[in-house]
Amino acid sequence: MTAGVRYPRHVRVRARADFDRIFASATRTASPMLAVHLLSEEGPARLGLAVSRKVDKRAVGRNRIKRVLRDAFRLMQPQLAPGSYVVVARPAAAQADNPALRAAFLNVLRRARALPPSSAAGTMPASPIPSTPVSSGA
């Protein structure tokens with residue numbers, strides 16, 4: 001656990017009424033593994049998780065998915081847009097390993113515009129020579 005970055009109770013979506021309100025009025029962005037419902041609100045980014053038995057029949061599998069998503073959220077929380085996030089896991093999440101779950105979560109958050117866009121890493125290295133305008137010889 002990274003020192004100084006915590007996951008306290010006030011950044012969790014826990015009440016049934018909060019889940020219902022978020023599902024009713026949030027925008028949804030989905031991938032094959034996860035769906036994220038984002039409701040823009042004041043205050044810190046809050047996380048709620050929904051991992052049903054349809055995703056994985058075994059509690060150990062459902063708990064692994066929740067643990068990985070909570071940890072990824074905890075580390076990204078300072079960069080996230082304010083609001084309430086409810087992540088609904090889909091059956092494909094049960095077969096995914098931990099890095100794939102983190103990558104899917106990051107991808108869905110970017111598509112939902114909850115994270116700033118990543119800097120585009122191109123295939124060409126930056127040129128050390130500054131570009132100069134080409135003059136037309138007239």
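See the structure printed just above.
It should be emphasised that the depicted structure is a prediction, and the values quoted were computed from it without experimental measurement.

1. Side note on the nonpolar core
The biggest cluster of nonpolar side chains holds 31 residues, and the ones touching the most others in it are Leu80, Tyr85, Phe105 and Leu109. Broken down by secondary-structure element, the contributors of at least two residues to this core are β2 (34-39), β3 (46-50), α2 (59-76), β4 (84-89), α3 (92-95) and α4 (98-111). In terms of residue count, α2 provides more of this core than any other element does, 6 residues in total. Non-local contacts of Tyr85, meaning those with residues more than four positions away in its chain, are made with Val13, Val36, His37, Leu38, Ala45, Arg46, Leu47, Gly48, Phe73, Leu80, Leu109 and Ala114. Residues Phe19, Ile22, Leu39 and Val86 belong to the second largest nonpolar core, which totals 6 residues.

2. A few points about the side chain of Arg74
Tracing the backbone through its elements, the reader meets Arg74 in helix α2. A distance of 2.4 Å separates a polar atom in the side chain of Arg74 from a polar atom in the side chain of Asp71.

3. A short note on unusual backbone geometry
In the Ramachandran plot, Arg113 falls in the positive-phi region, its phi being about 60° despite a non-glycine side chain. Looking at the element boundaries, Arg113 is found in the segment after α4. Of the residues examined, Arg113 reaches a relative accessible area of 73% and is grouped as exposed.

4. Details of the packing of aromatic side chains
Tallying each qualifying case throughout the model produces 2 aromatic pairs. Considering the side-chain rings of Phe19 and Phe23, the 6.3 Å spacing of their centres and the 35° angle between planes classify their relative orientation as tilted. Of the two residues, Phe19 and Phe23 both sit in helix α1 (residues 16-25), 4 residues apart, roughly one turn of that helix. Under the relative-accessibility criterion, Phe23 is labelled partly exposed at 37%.

5. A few points about the sheet that holds β3
Adjacent strands of a sheet pair through backbone hydrogen bonds, lying either parallel or antiparallel. The mixed open sheet is built from 4 strands, whose spatial order is β1-β2-β4-β3. Each of the sheet's edge strands pairs with one partner strand only, and the pair in question is β1 (27-30) and β3. Between one strand axis and the next, the sheet turns by 20° as a mean value, whatever way the strands run. Inspection of the sheet shows β1 paired to β2 by 4 bridges, in the antiparallel sense. Considered in β2, the bridge of Thr27 is made with Leu38. Relative to β2, α4 is tilted by about 40°, and along the sheet it contacts β1, β2 and β4.

6. Things to note about the packing of α2 against α4
As a packed pair, α2 and α4 sit with axes 10 Å apart at the nearest point and diverge in direction by 50°. The orientation of α2 relative to α4 falls into the category oblique. Relative to α4, the crossing made by α2 is right-handed. For the pair α2 and α4, contact is made by Arg64, Ile65, Val68, Leu69, Asp71, Ala72, Phe73, Leu75 and Met76 and by Asn98, Leu101, Arg102, Phe105, Leu106 and Leu109, respectively. Taken together, the residues that form the contact of α2 with α4 break down as 11 nonpolar, 1 polar and 3 charged.

The rules behind the values
- Residues numbered from 1 in each chain as written.
- Predicted model: local features only at pLDDT ≥ 70, side-chain atom pairs only at ≥ 80, totals over all residues.
- Heavy atoms only, no water.
- Core = buried A, V, L, I, M, F, W, Y, C linked by side-chain atoms within 4.5 Å.
- Buried < 20%, exposed > 50% of the residue type's maximum accessible area, 1.4 Å probe, protein only.
- Helix = DSSP H or I, 4+ residues; strand = E, 2+ residues; numbered from the N terminus.
- Contact = heavy atoms within 4.5 Å.
- Polar contact = N/O pair within 3.5 Å; in protein donor to acceptor, adjacent residues only side chain to side chain.
- Phe/Tyr/Trp six-rings, centres within 6.5 Å; stacked < 30°, edge-to-face > 60°.
- Pairing = 2+ DSSP bridges.
- Axes fitted to C-alpha atoms, helices over the stretch in contact; angles between N-to-C directions.
- Parallel < 35°, antiparallel > 145°, perpendicular 65-115°, else oblique.
- Left-handed = near helix turned anticlockwise from the far one by under 90°.
- Nonpolar A, V, L, I, M, F, W, Y, C, P; charged D, E, K, R; others polar.

Don't take any of this as a statement about function, it's just geometry.
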